[in-house]
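# Structure at a glance
Chain by chain, the residues run as shown.
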Amino acid sequence: MTSVLPTFWVVIPAAGRGLRMALSTPKQYLQLNDGRTVLEHSLSCFLAHPQLKQLVIALAEDDRHWQTLPCAQDQRIKRVTGGAERADSVLAALQYLERLGAQSMDWVLVHDAARPNLKTSDLDELLQSLKDDPIGGLLAVRVRDTLKQAGLDGRVKQTLPRELIWHALTPQMFRFTPLKQALKQALAAGAPITDEASAMEWTGAKPRLVAGRFDNLKITQREDLNLLGID
Ligand SMILES: Nc1ccn([C@@H]2O[C@H](COP(=O)(O)OP(=O)(O)OP(=O)(O)O)[C@@H](O)[C@H]2O)c(=O)n1
Ligand SMILES: C[C@](O)(CO)[C@H](O)COP(=O)(O)O
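As annotated in an unreviewed UniProt entry, the chain carries the name 2-C-methyl-D-erythritol 4-phosphate cytidylyltransferase and comes from Ventosimonas gracilis. Word for word, the UniProt comment on the chain under Pathway (unreviewed entry) is "Isoprenoid biosynthesis; isopentenyl diphosphate biosynthesis via DXP pathway; isopentenyl diphosphate from 1-deoxy-D-xylulose 5-phosphate: step 2/6."

As structure tokens, then:
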């Protein structure tokens, strides 16, 4: 018998400038070949999921694209202004979740607006794998290539063991209050936080790795567009 998946809140950090993409349009608003934007694709699995509570999207203060999208009319989606870094944007969205009634041990999933290729099968695998976990965790994929550590001279210093190395993906799934507190404390301490798991790790927690698809890629640089069929 398939067990019931947990209900969950969603936070979408979408306030980035896409500097590494270096295009006039922020990368989350680039159109894929079906005419929908990267952001609309990144939202789609959540908006179609029966267990979604509500979704908070963090946008740049001067974002003029969001209101042009049909999903901006979806009453389940609330918007907040993002911050200087991704972690600031996530924290701003978490603080808004409190106003929406998020309870301490509610599940929160954080997913990059720049990851349009998330599959429902991966989302459900994450929910199923972590629904009874005391900490939470993240979708991740094992490193496939041989890993080289560079020296300051730009030459190979050594080959690193890769058996235990994973790429962190999103969504990342944690309980509301522990995540909010971890982010607040880690940011206040100036810790280098690049994902939700690193904030939880900073507090001593050990998030669980849930194997996901390698093609759940983050649109970051120009060459990534070809991988997703963007002309
Ligand atoms: N201050 C920020 C920075 C990033 N993000 C979001 O976090 C996700 C992952 O960040 P990244 O890929 O680094 O996006 P950008 O910051 O836009 O890219 P760049 O670093 O090249 O400027 C993206 O969906 C981005 O919109 C955010 O909400 N707030
Ligand atoms: C959250 C993330 O996508 C996990 O790999 C990654 O850390 C985002 O990093 P970025 O430098 O903000 O793109």
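More follows now that the structure is in view.
This brings us to the UniProt feature "site: Transition state stabilizer" (unreviewed entry) in the chain. Taken from the UniProt record, the annotation "site: Transition state stabilizer" (unreviewed entry) applies to Arg20 and Lys27. As for its placement among the helices and strands, arginine 20 is situated in the loop between β1 (8-14) and α1 (38-47). Within the element layout of this structure, lysine 27 appears in the loop between β1 and α1. In this structure lysine 27 comes out as buried when scored by relative accessible area, which is 10%.

Attention now goes to the pairing of strand β2 (residues 52-59). The element β2 is largely enclosed, with a buried count of seven among its eight residues. Pairing of β1 with β2 involves six bridges; the strand directions are parallel. Each bridged residue has a counterpart across the sheet, and for alanine 14 the counterpart in β2 is leucine 59. A crossover links β1 with its parallel partner β2, the connecting element being α1, and its sense is right-handed. Across five bridges, β2 lies against strand β3 (residues 77-81) in parallel orientation. What sits directly across from valine 56, in β3, is lysine 78.

The next subject is the nonpolar core. Of all hydrophobic cores here, the largest spans 33 residues; its most connected members are Ile12, Leu39, Phe46, Leu55, Ile57, Trp66 and Leu109. Among the secondary structure elements, those contributing two or more residues to this core are β1, α1, β2, β4 (107-110), α3 (120-130), β5 (136-142) and β8 (166-175). If we skip the residues at most four places from it in the chain, isoleucine 12 touches Leu39, Leu43, Phe46, Leu55, Val56, Ile57, Ala58, His111 and Ala113. Core analysis: the second largest hydrophobic core is formed by 30 residues, Leu94, Ala102, Leu138 and Ala191 among them.

What counts and what doesn't
Residues numbered from 1 in each chain as written. Chains lettered and ligands numbered in written order. Predicted model: local features only at pLDDT ≥ 70, side-chain atom pairs only at ≥ 80, totals over all residues. Heavy atoms only, no water. UniProt positions renumbered as here; feature names shortened; annotations may be inferred. Helix = DSSP H or I, 4+ residues; strand = E, 2+ residues; numbered from the N terminus. Buried < 20%, exposed > 50% of the residue type's maximum accessible area, 1.4 Å probe, protein only. Pairing = 2+ DSSP bridges. Right-handed = clockwise from strand over helix to strand, strands pointing away. Core = buried A, V, L, I, M, F, W, Y, C linked by side-chain atoms within 4.5 Å. Contact = heavy atoms within 4.5 Å.

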